[in-house]
Amino acid sequence: MAPRTAKGKKPQDSGRTLKRKRGEDEISSLVKRVEELDLKASIKSFSDLPLSEPTAAGLSASHFKTLTDIQSRAISHALKGRDILGAAKTGSGKTLAFLVPILENLYRRQWTELDGLGALILSPTRELAIQIFEVLRKVGRNHAFSAGLIIGGKSLREEQDRLGRMNILVCTPGRMLQHLDQTAMFETNNLQMLVLDEADRIMDMGFQKTVDAIIDHLPTKRQTMLFSATQTKKVGDLARLSLQEPEYVSVHESAAAATPSTLQQHYTVTPLPQKLDTLWSFIRSNLKSKTVVFLSSGKQVRYVYEALRHLQPGISLMHLHGRQKQGGRLDITTKFSQAQHAVLFATDVAARGLDFPAVDWVIQMDCPEDADTYIHRVGRTARYERIGRAVLFLDPSEEQGFLKQLEHKKVPIEKINIKANKQQSVKNQLQNMCFKDPELKYLGQKAFISYVKSIYVQKDKETFKIKELPLEEYAGSLGLPGAPRIKFIKGDDAKERKNESWRMAHMSDDSDAEGKKDQKEEVRTRYDRMFERRNQGVLAEHYSKLINDDGTMVATGAKEHAADEDADEDADFLSVKRRFAAGDETLGQGASSESGSDRSESESEEIPKGAKVVHLEGQDPLIIDSKRREKLLKSKKKMLKFKGKGTKLVYDDEGNAHEVYEMEDEEQFKARGDAKSQREKFLAGETERVREADIEDKEVMREKRREKKEKRKARERAEAEAEAASDDEEGGVSLSHLPHVPFEIPGDSDSGSASEEEKPRPSKKQRVSFAKSDSDSDSGKPAKKSKKSQEPKSIETLGDLEALASGLLG
């Protein structure tokens, strides 16, 4: 038993008290060192900063010793609690510039799970959020804080259960807003720090509404930090985030270039139809390199990956885009990071912040939307002062406009030429694969449309000139037999662009007719003949799920009679169709000008054998004598022309539908008489209408009452029959029916037989009638009964019924 003091109390735990006191002294000294920190001093090592022991140990274990320029300047201001706008080149270590202050500020405040959320880090992409979270785990391994990763693609319920216990959250804007709106136990009232990584991307139009909604949930009194390679300086953006006198930290603003000096940047002028051949030639020439290839859309990434994978270039190929599931995206980024030689086809989802080790080349097959996107793309290589190379493919129409943007952003870039002897063409191989594999052909068509759409929606019309792009040749370079129809391109030259290939073919036939006679006829393969056909009779399973231009589903039996249809009647909405206007003479309406009687007599003579006749209300019948005209019936849009114009209906306050009221002409109104007489006539008509309506209503009510009465009578008859049947079965008086049947004391046999023959009708009221006894009737004296016996007792229980029955039976 532990010894007790004189007063009977246990001695205090001196070890715990000393530990707590030592921790308080450490935090107070740490706060004092932060206050004395000189912001103008040049700090080269993490050991020179006033950091806590857990943070210093985590940095040392993760092999972070020296500070980069952005870290040296930003961490000092952040430790003092100031708002920061940090701008630095890609690969300069901006992640640690905000993770270290987060850990230190929460540590000095002795933050625990009971205090709730202390720091929130927003990232534009899931991959970047995962990368930030991994760095946080390494650096903060010795701290007691709880940290969480909140991104899409995972179970919302599991995140909700753990969200309330987190001190630091790394998240994407969309998922964070979902939790702020739907998770009841998630509170952000004690938030101390808000960090926006790649702030210019988060603050643009794509995330503007989401970020504004997140800011509304956060307290205004907080520390806010924004970091990016291309920082925003818009006053409106800073005001939305409630920044208070932010410190602008731009370590490379005065630099001669906006990109790292170890990055070699080149561009080559490559016509659009030759870009895929150039990319294939480059990959084949650099099989011992690690390359990232950027394209403008996910559908292009999918097609280029599938096409080159079939060609087997001799190096591992991977693809990354936003349409993939979260697990697959994470596997691909991990696999590419660990690979020594590989090619990654990606969209701009991989353009920001991702740190792939030892990337040798960054190839931009499609021109980026602006210079900022270019800077972020090439930042995947030449990170942390390593050497890297980048090549940009530019169409001749894009060269002048985009080079001006790069010059304005201080991006040094040189032009290079491609050696013709090393150029390889894969056009014929792609055409062969598209012919054999309908799935690949489908992906190529979707890739073509997505690329053209990405060019069409660009704001910089000086750089992106869609009318100058050779789209027909570009479709051929993808292995397609022709350029798919683009619905969103409209203009005066749409018809000319549609018929361009047909016109060029006829012009070449006329001009070179004589020259071809002298030349030796070229050998034509079956693939050449296939691509000269107008109808490709090979359909993928995707096409059965597609929608026609008129909104109807594609016919499932298109494959069965594809050979019988016309060449332009392919069920694919991407192929170029020959349109015909419904309502012309091709639809079998040549006799529409005839009179009704003449047509009825000669109709049987004009209808061909085996043709169908479709009768429409108020219209001449349609004669369906071909596959094309039969297909017309499946198009709701074209059939509307034969159904006449519809009438617009509106609903009054009572819910009755009627046509739209129209104002009558004043002259027509006056022609029918003066206003007074018309009003009297109208009132008289309305009075008569109301009277007739009343008569109809009364008749309806009378009929309802009659039906109700008949139902009641039928129910009463059924009850009477049931009672009679039950009496016959029991052979005597049923006690359960006593309140409903009047009883009489039986007399002689004659009276009994008479009573049996003439049964009294059951009355509605429950009463009992009493008959006089024979002695009373013979003597002629009234029976003397007490006042109590004269009044029938109320029958409530089965005992009352038995007493009454025994009294009646004597």
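Residues numbered from 1 in each chain as written. Predicted model: local features only at pLDDT ≥ 70, side-chain atom pairs only at ≥ 80, totals over all residues. Heavy atoms only, no water.

Caption draft 1: Spotlight on the side chain of Ser76. Along the polypeptide, Ser76 turns up in helix H3 (residues 69–79). Here the side chain of Ser76 touches Ser72 through a polar contact of 3.3 Å, landing on its backbone oxygen. (Helix = DSSP H or I, 4+ residues; strand = E, 2+ residues; numbered from the N terminus. Polar contact = N/O pair within 3.5 Å; in protein donor to acceptor, adjacent residues only side chain to side chain.)

Caption draft 2: View of the environment of Gly86. Take Gly86: it is sitting in strand E1 (residues 84–87). Given a relative accessible area of 0%, Gly86 falls into the buried group. For the pair formed by Gly86 and Ala229, sequence separation is 143 residues and the distance between their alpha carbons is 8.3 Å. (Buried < 20%, exposed > 50% of the residue type's maximum accessible area, 1.4 Å probe, protein only.)

Caption draft 3: Main features of a negative patch on the surface. Judged by side-chain charge, Glu692, Asp694, Glu696 and Asp697 come together as a negatively charged surface patch. Accessibility expressed as a relative area gives 53% for Glu696, which makes it exposed. (Patch = residues over 30% accessible without salt bridge, like charges linked within 9 Å, V, L, I, M, F, W, Y side chains within 5 Å. Areas by Shrake-Rupley, 256 points an atom, 1.4 Å probe, with all protein chains shown as cover. Salt bridge = Lys/Arg side-chain N within 4 Å of Asp/Glu carboxyl O. Lys, Arg positive; Asp, Glu negative; His and termini not counted. Charge placed at Lys NZ, Arg CZ, Asp CG, Glu CD.)

Caption draft 4: The side chain of Glu306, seen in detail. Relative to the elements of secondary structure, Glu306 occurs in helix H12 (residues 298–311). With a relative accessible area of 12%, Glu306 lands in the buried category. At 2.7 Å, the side chain of Glu306 and the side chain of Arg309 are in polar contact. With residues up to four places along the chain from it excluded, the contact list for Glu306 reads Leu440 and Leu443. (Contact = heavy atoms within 4.5 Å.)

Caption draft 5: Examining the sheet that holds strand E14 (residues 414–415) more closely. Overall, parallel pairing links the seven strands, which are arranged E10-E11-E9-E12-E13-E8-E14 in an open sheet. Every interior strand has two partners, whereas the edge strands, strand E10 (316–320) and E14, have only one. Of the strand pairs in this sheet, E10 and strand E11 (residues 342–346) are connected by five bridges, and their pairing is parallel. When the sheet's bridge partners are listed, Leu317 is paired in E11 with Val343. Its contacts with the sheet place H12 against E10 and E11, and it is angled at close to 165 degrees to E10. (Pairing = 2+ DSSP bridges. Axes fitted to C-alpha atoms, helices over the stretch in contact; angles between N-to-C directions.)

Caption draft 6: Layout of the sheet that holds E1. Read from one edge of the open sheet, seven strands run E3-E4-E2-E5-E6-E1-E7, paired in parallel fashion. Strands with a single pairing partner mark the edges of an open sheet, and in this sheet they are strand E3 (147–150) and strand E7 (247–250). Neighbour-to-neighbour, the strand axes of this sheet turn through a mean angle of 15 degrees, independent of strand direction.

Caption draft 7: Spotlight on helix H11 (residues 275–285). Burial analysis of H11 places nine of its eleven residues in the buried class, which makes it a mostly covered element. By the burial criterion, the buried members of H11 are Lys275, Leu276, Asp277, Thr278, Leu279, Trp280, Ser281, Phe282 and Ile283.

Caption draft 8: Region of the structure containing the confidence of the model for the chain. Taken over all residues, the pLDDT of the chain has a mean of 78, while the share at 70 or more is 73%. Scored below 50 in pLDDT, residues 534–605 makes 119 contacts in the model with residues more than four places away or belonging to other chains. Between residues 732–760, whose pLDDT stays under 50, and residues either more than four places distant or in other chains, the model counts 27 contacts. (pLDDT = per-residue confidence, 0-100.)

Caption draft 9: Representation of unusual backbone geometry in the model. Of note, the phi angle at Glu245 is positive, near 50 degrees, even though the residue is not glycine. As for its placement among the helices and strands, Glu245 is situated in the loop between helix H10 (235–240) and E7. Positive phi, close to 55 degrees, is recorded for Gln312, a residue that is not glycine. Note that Gln312 resides in the loop between H12 and E10. For Gln312, a relative accessible area of 65% corresponds to the exposed category.

Caption draft 10: Local environment of the pairing of strand E13 (residues 388–394). Counting buried positions along E13 yields six of seven residues, so the element is predominantly enclosed. Of the strand pairs in this sheet, strand E8 (residues 263–269) and E13 are connected by seven bridges, and their pairing is parallel. When the sheet's bridge partners are listed, Tyr267 is paired in E13 with Leu392. Crossover connection from strand E12 (residues 361–364) via helix H14 (residues 371–378) to parallel E13: handedness right-handed. (Right-handed = clockwise from strand over helix to strand, strands pointing away.)

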